[in-house]
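Examining the three-dimensional arrangement
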Amino acid sequence: MKGPFRIFVDGTPVDANAGDTTIAAIQRWRADIAVQLREGTRMLTDSRGLPISIDLPAYAGAIFRVVSARSARPSDAFDPGAGD
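Procedures and definitions
Residues numbered from 1 in each chain as written. Predicted model: local features only at pLDDT ≥ 70, side-chain atom pairs only at ≥ 80, totals over all residues. Heavy atoms only, no water. Helix = DSSP H or I, 4+ residues; strand = E, 2+ residues; numbered from the N terminus. Buried < 20%, exposed > 50% of the residue type's maximum accessible area, 1.4 Å probe, protein only. Contact = heavy atoms within 4.5 Å. Areas by Shrake-Rupley, 256 points an atom, 1.4 Å probe, with all protein chains shown as cover. Core = buried A, V, L, I, M, F, W, Y, C linked by side-chain atoms within 4.5 Å. Pairing = 2+ DSSP bridges. Axes fitted to C-alpha atoms, helices over the stretch in contact; angles between N-to-C directions.

1. Comments concerning the overall build of the protein chain
The secondary structure content of the protein chain amounts to two helices and four strands. Reading the protein chain from its N end, one meets helices and strands in the order β-β-α-α-β-β. Taken over 84 residues, the protein chain has a buried fraction of 25%. Residue pairs at least 24 apart in sequence account for 41% of intrachain contacts in the protein chain once pairs closer than 6 positions are excluded. By element, 54% of the accessible surface of the protein chain is carried by carbon and sulfur atoms, the whole surface being about 5,600 Å².

Spelled out as structure tokens, the structure:
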């Protein structure tokens, strides 16, 4: 894709450039949020709420949400061998 295009973060249009990662576009939009994503206190999800890498290449029309990232506790970990 050539030239600038739009992604959406928390419902806000954010300008991205060809070759940008998602975090690069977020950094230009809101540096404070980019810091939180890099530090792991917040995380990025797609429009379905599934976690995604902040290093994902930005693409036109992408929809992301910034959500709170809580530390996983051992009791929260999924164990496929454990029965309900």
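Next comes the rest of the write-up.
2. So, the nonpolar core
Side chains that are nonpolar tend, in soluble globular proteins, to be buried together. Of all hydrophobic cores here, the largest spans 17 residues; its most connected members are Ile-7, Val-9, Ala-16, Ile-26, Leu-37, Leu-44 and Val-66. Mapped onto this core, the elements with two or more residues apiece are β1 (5–9), β2 (12–16), α1 (22–29), α2 (31–39) and β4 (63–68). Not counting the four nearest positions on each side in its chain, Val-66 is found in contact with Val-9, Asp-10, Ile-33, Leu-37, Arg-42, Met-43 and Leu-44.

3. Observations regarding the sheet that holds strand β3 (residues 42–46)
Read across the sheet, four strands follow the order β2-β1-β4-β3 without closing on themselves; strand pairing throughout is mixed. Each end of this open sheet is capped by a strand with a single partner; those strands are β2 and β3. Taken pair by pair, the neighbouring strands of this sheet meet at an average axis angle of 35°, ignoring direction. Looking at chain direction, β1 and β2 are connected through five bridges and run antiparallel. Each residue of the ladder has a partner; that of Phe-5, found in β2, is Ala-16. Sheet strands in contact with α1 are β1, β2, β3 and β4, and its direction is about 115° off that of β2. The sheet strands contacting α2 are β3 and β4, and the helix crosses β3 at an angle near 95°.

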